[in-house]
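Survey of secondary and tertiary structure
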Amino acid sequence: MSTLEIRDLQVSVGSTQILNGITLTINSGEVHAVMGPNGAGKSTLSAAIMGKPGYEITGGSVTLDGQDVLAMPTWQRAVAGLHLVMQYPTEVPGVKLSEVLSEALTARHATLPNLNKTINEEAARISFDSELVNRAVNVDFSGGEKKRNEIMQMAILEPDVAVLDETDSGLDIDALRIVSEGVNAMRGPDTGFLVITHYQRLLEYIVPDRVHIMWDGRIVHSGGKELALELEEKGYDWVKQDLAKA
Ligand code: ADP
Ligand code: MG
């Protein structure tokens, strides 16, 4: 079992503090959803977990099975078992997906006897055009294709904890279903998920064990999957009013 432990995490961008102390524990086998309005700091949380440049950690800790994640360069975080499914996947001209995956697997000391066969099988499972596998990563892919590509990479790399940042943005209902099925197929005792989303819709497909509401760089509510429904019903204004009362 793996545990990603985020303790009182504080993060600044430039001179502005964005995260004001986030505490979250994600065990493998669990799916945690973080919901919040635009600007709440959701992407900042994923950026800080993965070590994106420009995000300064001003307090708190992030550990994976006791290892200090914040002390590692990004590539080492991936080797340790963290994986980020990006909101806006990057285009990598001149580099094929099989090359990216082969390097990544080698770094994780994992071997796949027939990587190309695995890629083709995973691609078929999520209706990803296998022709695209042989093209440069994400170059001239549609939004939906980029997301499927990301999900496929995640499935092949088998991370201990996967962070999905607004994977639902820009997806039509069919692509959303396919992407969710890809995630659900990976659910099991070996993988934990941090699913970040603005909308409840994604959580109809990926049913979370825990739901956390982020507001102004803090987790202000945590609960079971019904919390997402409550939020959908009452809207983010409810959170605001609730906070004003407190
Ligand atoms: P969310 O993903 O919840 O919409 P973000 O984490 O993207 O929120 O942003 C939270 C706040 O931090 C916003 O006010 C945003 O403008 C600011 N912010 C995030 N990243 C940057 C950045 N790289 N440069 C400047 N401001 C940023
Ligand atoms: Mg975001």
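Structure shown above.
Residues numbered from 1 in each chain as written. Chains lettered and ligands numbered in written order. Predicted model: local features only at pLDDT ≥ 70, side-chain atom pairs only at ≥ 80, totals over all residues. Heavy atoms only, no water.

Looking at the site of ligand 1
Every residue lining ligand 1 is accounted for by V13, I18, P37, N38, G39, A40, G41, K42, S43, T44 and Y55. Here an oxygen atom of ligand 1 sits 2.7 Å away from a polar atom, N or O, in the main chain of G39. Protein chains shield 57% of the accessible area of ligand 1, which is 550 Å² for the free molecule. Of all the elements, helix 1 (residues 42-50) adds the most residues to the shell around ligand 1, at three residues. Here the shell around ligand 1 is built from residues that sort into five nonpolar, five polar and one charged. (Near = heavy atom within 4 Å. Polar contact = N/O pair within 3.5 Å; in protein donor to acceptor, adjacent residues only side chain to side chain. Areas by Shrake-Rupley, 256 points an atom, 1.4 Å probe, with all protein chains shown as cover. Helix = DSSP H or I, 4+ residues; strand = E, 2+ residues; numbered from the N terminus. Nonpolar A, V, L, I, M, F, W, Y, C, P; charged D, E, K, R; others polar.)

Focus: the packing of helix 4 (residues 115-125) against helix 6 (residues 143-157)
Following both chains from N to C, one finds helix 4 and helix 6 inclined at 130°, their axes separated by 10 Å at the closest point. What the angle tells us is that helix 4 and helix 6 run oblique. The two elements helix 4 and helix 6 cross, and the hand of that crossing is right-handed. Packed against helix 4, whose contacting residues are L115, T118, I119, E122, A123 and R125, the element helix 6 presents M152, A155 and I156 at the interface. Considering only residue class, the contact of helix 4 with helix 6 consists of six nonpolar, one polar and two charged. (Axes fitted to C-alpha atoms, helices over the stretch in contact; angles between N-to-C directions. Parallel < 35°, antiparallel > 145°, perpendicular 65-115°, else oblique. Left-handed = near helix turned anticlockwise from the far one by under 90°. Contact = heavy atoms within 4.5 Å.)

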